[in-house]
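# Analysis of the macromolecular model
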Number of protein chains: 2
Amino acid sequence: MKHQVTIIDIARQLNISKSTVSRALTGHPRVKEATRRAVLDLAGQLDYQRNMLAINLSSSRSKTIGIIVPEFVTSFFPIVIMGAQEVASESGYTVLICQSNETYEAEVANAKVMLANRVDGVLVSLTRETKNFEHLAMFTRKAIPLVLFNRVCYDIEVPKVVVNDYEGAFNATEHLILTGKKRIAHLAGPQSLYISRKRLEGYKDALRKYNLPADDELVISYDLDLGKARMYVKHLLDQPQPPDALFAVNDPTALEALLLIKERGLSIPDQIAVVGFSNDYGSSLIEPGLTTIAQPTREIGRVAAQLLLEQTNTDASTWKPVTRVLKTELLIRGSSVQGASK
Amino acid sequence: MKHQVTIIDIARQLNISKSTVSRALTGHPRVKEATRRAVLDLAGQLDYQRNMLAINLSSSRSKTIGIIVPEFVTSFFPIVIMGAQEVASESGYTVLICQSNETYEAEVANAKVMLANRVDGVLVSLTRETKNFEHLAMFTRKAIPLVLFNRVCYDIEVPKVVVNDYEGAFNATEHLILTGKKRIAHLAGPQSLYISRKRLEGYKDALRKYNLPADDELVISYDLDLGKARMYVKHLLDQPQPPDALFAVNDPTALEALLLIKERGLSIPDQIAVVGFSNDYGSSLIEPGLTTIAQPTREIGRVAAQLLLEQTNTDASTWKPVTRVLKTELLIRGSSVQGASK
DNA sequence: CCATTTTGTGGGAACGCTCCCACAATTGGT
DNA sequence: ACCAATTGTGGGAGCGTTCCCACAAAATGG
């Protein structure tokens, strides 16, 4: 292993102290211009790279924020991460990303990694399994800012970034009703997730507003394991009185549904209309295009990171568990309205 | 800021030295079982979290591998990252992810972040702009293992993980020829990327093998900026003798082409067939399905990480710049053969 | 021109850990 | 019972920084 260039090497060569080198490098004002120049020049020549490990240890902050997401398969989380990363790097923060693979154990393990790496803050979106929040409470207890996004819970008092899931779901359902649908099914997410519950509520309230019966047979909650989506859609379609529309908890689920429906040769949207949630990549590719509730994915990441950085710079006692609700938008495509634009 | 629990706290409370606590915590064999128990118990009680910053500084290794990818938008890189992460975490490594946004500047900046964080190794896929490799040579010079994947270059001698781009492109083109196509266009990537050159070669050699003329008008190299793809496809289609098939450098490009072709109402694959490269998410959703060269995306990440970890454990002098070539597979869908399965 | 402030520099503790060296305590073989 | 090997523990240097304190040199002001 080759010797790493340190500030001491620079100090020795210039016959000055390491304190001065450190000051020159960090832009401390009390350094003679000539000295600063010399240090910077030599640092460049020697390929000096500041050792963040040492800096972080010394300053007990890592200038790193952690992000824990449940999965990486759908395009949603990567894009959120991009947004968060943009904001973080503007403020000189790097980002440590972990994915929990939708399991509680991995999420807890990831939380420990964050703690061990002394991140200055954490952005978390829960797995579908997470029901215990002790590992998250730990962050707060250790005065490490935490912001939840997308898959949030209300069991701990921290800032959250969500979209208006209730309204989005309401609008999606209302849209289906207004196109004349009477038996609207809902393939919901796990009720352990707040986000799933809200979407279900929006769906139900829309039905209520238009005096449509809420048939329990038409609502299925599933664990978001895409492999199973098909099965549940089948179950819905095979009922004695099949639905004439389907509102799915997210786009990947809706796309699975659309594929199955196409295989069966049902006409879309006449015999059955489909609406998703999120406007993922792929939703505009399929034919007919998937009507969906578009959410500002990248913006979710940006706002979450902003909220987090605000906290890192202030005392823990001033933290307020604000919930930032971003707007969604109904995007009408062919899966709900014949010949709708893309 | 609350006081962080350290091994010294534990040592004091148990009336032993910090050395012993350290040994108990790290599983050193020379610790009495009773002592180990006591330490572990107390550590649990106090919510002790080992400080990786200190550990890394002390041991001058971070147990972290860095990954630099050009973008996050297509599903390709997130999936590669998943694969790499799997392998890394099996060996107790965490992963630091940076994306370069397809710009050379960001790539260089990211390389510095990696260096500053003293990663034990780096996985890199180049941006479309990268023509200077000084920032990468730096890793080798500092004896930090580096593995290139997907977007590789041969200007520096390091291990690489690629797929058989030449063969894949050859097979794609041959497939089009065998379905009777005569004027096959190729929308290529930037020739600065080795991967693009190889795919172009494969395309050309296939034409040659079947004695088809290589018409320069039918080959366009572009910078992979998807926003421009449409324009180039238009250009190809608007020629006096338009092509009867298109082989695109990657799936997102092919999908853009497919969309434009559909808009124009040309019949696919009769009037024009399309083949992509990669089998991204979305390629099976579009109609007709996109014929493509499937690559083992997740496996690319796994193999790259394995190659990297092999290096981290051995002396720099023994490193061999092996190139691991993974296999691709021609996936025939409706965009090249009428009614082909999905 | 001397007292006072400002500017530039050096010395060294601290951050929390690992790991080498020294040494005490225990064990084992004869 | 005695010396050697083994086991368990403590002490302290070192990792590469930052940052506080001390202090010399230069600038400022009446």
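Relevant structure appears above.
Reference entry: report on the structure contained in this document. (Residues numbered from 1 in each chain as written. Chains lettered and ligands numbered in written order. Predicted model: local features only at pLDDT ≥ 70, side-chain atom pairs only at ≥ 80, totals over all residues.)

This next bit is on the interface of chain B and chain A. Every contact between the two is made by 36 residues of chain B and, on the other side, 36 residues of chain A. Every element with two or more residues in the side of chain B that touches chain A is listed here: α4 (52-59), α5 (76-90), β2 (94-99) and α6 (104-116) of chain B. Counting residues per element, the side of chain B that touches chain A draws most heavily on α4(B), which supplies 5 residues. Looking at the side of chain B that touches chain A residue by residue, the classes come out as 20 nonpolar, 9 polar and 7 charged. (Contact = placed C-beta atoms within 7 Å. Helix = DSSP H or I, 4+ residues; strand = E, 2+ residues; numbered from the N terminus. Nonpolar A, V, L, I, M, F, W, Y, C, P; charged D, E, K, R; others polar.)

A:Ile16, A:Ser19, B:Thr6, B:Ser22 and B:Ser58 are the nearest of the 29 residues found near DNA strand C. Looking at the surface near DNA strand C residue by residue, the class counts come to 9 nonpolar, 14 polar and 6 charged. (Near = placed C-beta within 6 Å.)

So, on to the nonpolar core. The biggest cluster of nonpolar side chains holds 96 residues, and the ones touching the most others in it are A:Leu123, A:Ala304, B:Leu123 and B:Ala304. The contact partners of B:Leu123, leaving out residues within four places of it in the chain, are B:Ile65, B:Ile67, B:Ala84, B:Val147, B:Phe149, B:Ala304, B:Ala305 and B:Leu308. One finds A:Ile184, A:Ala245, B:Val249 and B:Val274 within the second-largest nonpolar core, a separate group that totals 74 residues. (Core = buried A, V, L, I, M, F, W, Y, C linked by C-beta atoms within 7 Å. Buried ≥ 20, exposed ≤ 12 C-beta atoms within 10 Å, placed from the backbone.)

Let us now look at the packing of helix α1 (residues 7-14) of chain B against helix α2 (residues 18-26) of chain B. Residue and element names in this part refer to chain B. Relative to each other, α1 and α2 sit at 110 degrees, their axes nearing to 8 Å. Here α1 is positioned roughly perpendicular relative to α2, judged by the angle of their axes. Relative to α2, α1 is oriented so that their crossing is right-handed. Contacts from Ile7, Ile8, Ile10 and Ala11 in α1 reach Lys18, Val21, Ser22 and Leu25 in α2. Class assignment for the residues of the contact of α1 with α2 results in 6 nonpolar, 1 polar and 1 charged. (Axes fitted to C-alpha atoms, helices over the stretch in contact; angles between N-to-C directions. Parallel < 35°, antiparallel > 145°, perpendicular 65-115°, else oblique. Left-handed = near helix turned anticlockwise from the far one by under 90°.)

As a structural note, the neighbourhood of DNA strand D is formed by 28 residues, with A:Ser22, A:Asn51, A:Ala54, A:Ser58 and B:Ile16 the closest of them. Only α1 (7-14), α2 (18-26) and α4 (52-59) of chain A together with α2 and α4 of chain B provide two or more residues apiece to the surface near DNA strand D. Of the residues in the surface near DNA strand D, the class split is 9 nonpolar, 14 polar and 5 charged.

Another aspect to go through is the relation of the copies chain B and chain A. When chain B is fitted onto chain A, the two copies agree to an RMSD of 0.1 Å after a turn of 180 degrees and an axial shift of 0.0 Å. Given the turn and translation reported, the copies of this chain are related as if by a two-fold rotation axis. Here 97% of the contact residues of chain B are again contact residues in chain A; the copies associate through an equivalent surface. (Least-squares fit on C-alpha atoms with pLDDT ≥ 70 in both.)

The next thing to look at is the sheet that holds strand β9 (residues 273-278) of chain A. Residue and element names in this part refer to chain A. One open sheet holds the 6 strands; their spatial order is β7-β6-β8-β9-β10-β12, and the pairing between them is mixed. A strand with exactly one partner marks an edge of an open sheet, and here the two such strands are β7 (219-221) and β12 (329-331). Each adjacent strand pair in this sheet contributes to an overall mean axis angle of 15 degrees, direction not counted. Note that strand β10 (residues 291-294) and β12 share 3 bridges and pair antiparallel. Pairing of Thr292 across the sheet is with Leu331, part of β12. Across the face of the sheet, helix α10 (residues 226-237) comes into contact with β6 (184-188), β7 and β8 (245-248) while running at roughly 160 degrees to β6. (Pairing = 2+ DSSP bridges.)

Residues and elements named next belong to chain A. It is at 10 Å that the axes of α1 and helix α3 (residues 33-45) come closest, and there the two elements cross at 120 degrees. As judged from the angle between their axes, α1 and α3 are oblique. Pair α1 / α3 crosses with right-handed handedness. Taking contact as the criterion, the partners of Ile10, Gln13 and Leu14 in α1 are, on α3, Ala38, Val39, Leu42 and Ala43. Taken together, the residues of the contact of α1 with α3 break down into 6 nonpolar, 1 polar and no charged.

With that settled, the discussion passes to helix α8 (residues 165-178) of chain B. Here α8(B) spans 20 Å end to end across 14 residues, near enough to the 20 Å set by a 1.5 Å rise per residue. Residues B:Asp165, B:Tyr166, B:Gly168, B:Ala169, B:Phe170, B:Ala172, B:Thr173, B:His175 and B:Leu176 constitute the buried set of α8(B). (Expected span 1.5 Å × (residues − 1).)

Moving on: unusual backbone geometry. Residue and element names in this part refer to chain A. The omega torsion of the bond from Glu287 to Pro288 falls at 0 degrees, within 30 degrees of zero and hence cis. The residue Pro288 is located in the loop between β9 and β10 in this model. Phi is positive for Arg118, which is not a glycine, with a value near 50 degrees. By the secondary structure assignment, Arg118 is in the loop between α6 (104-116) and β3 (121-124). According to the C-beta neighbour criterion, Arg118 is buried, with 21 such atoms within 10 Å. For Asn211, which is not glycine, the phi torsion reads 55 degrees and is therefore positive. Topologically, Asn211 is positioned in the loop between α9 (194-209) and β7. C-beta crowding within 10 Å serves as the criterion here: with 7 such atoms nearby, Asn211 is assigned to the exposed category.

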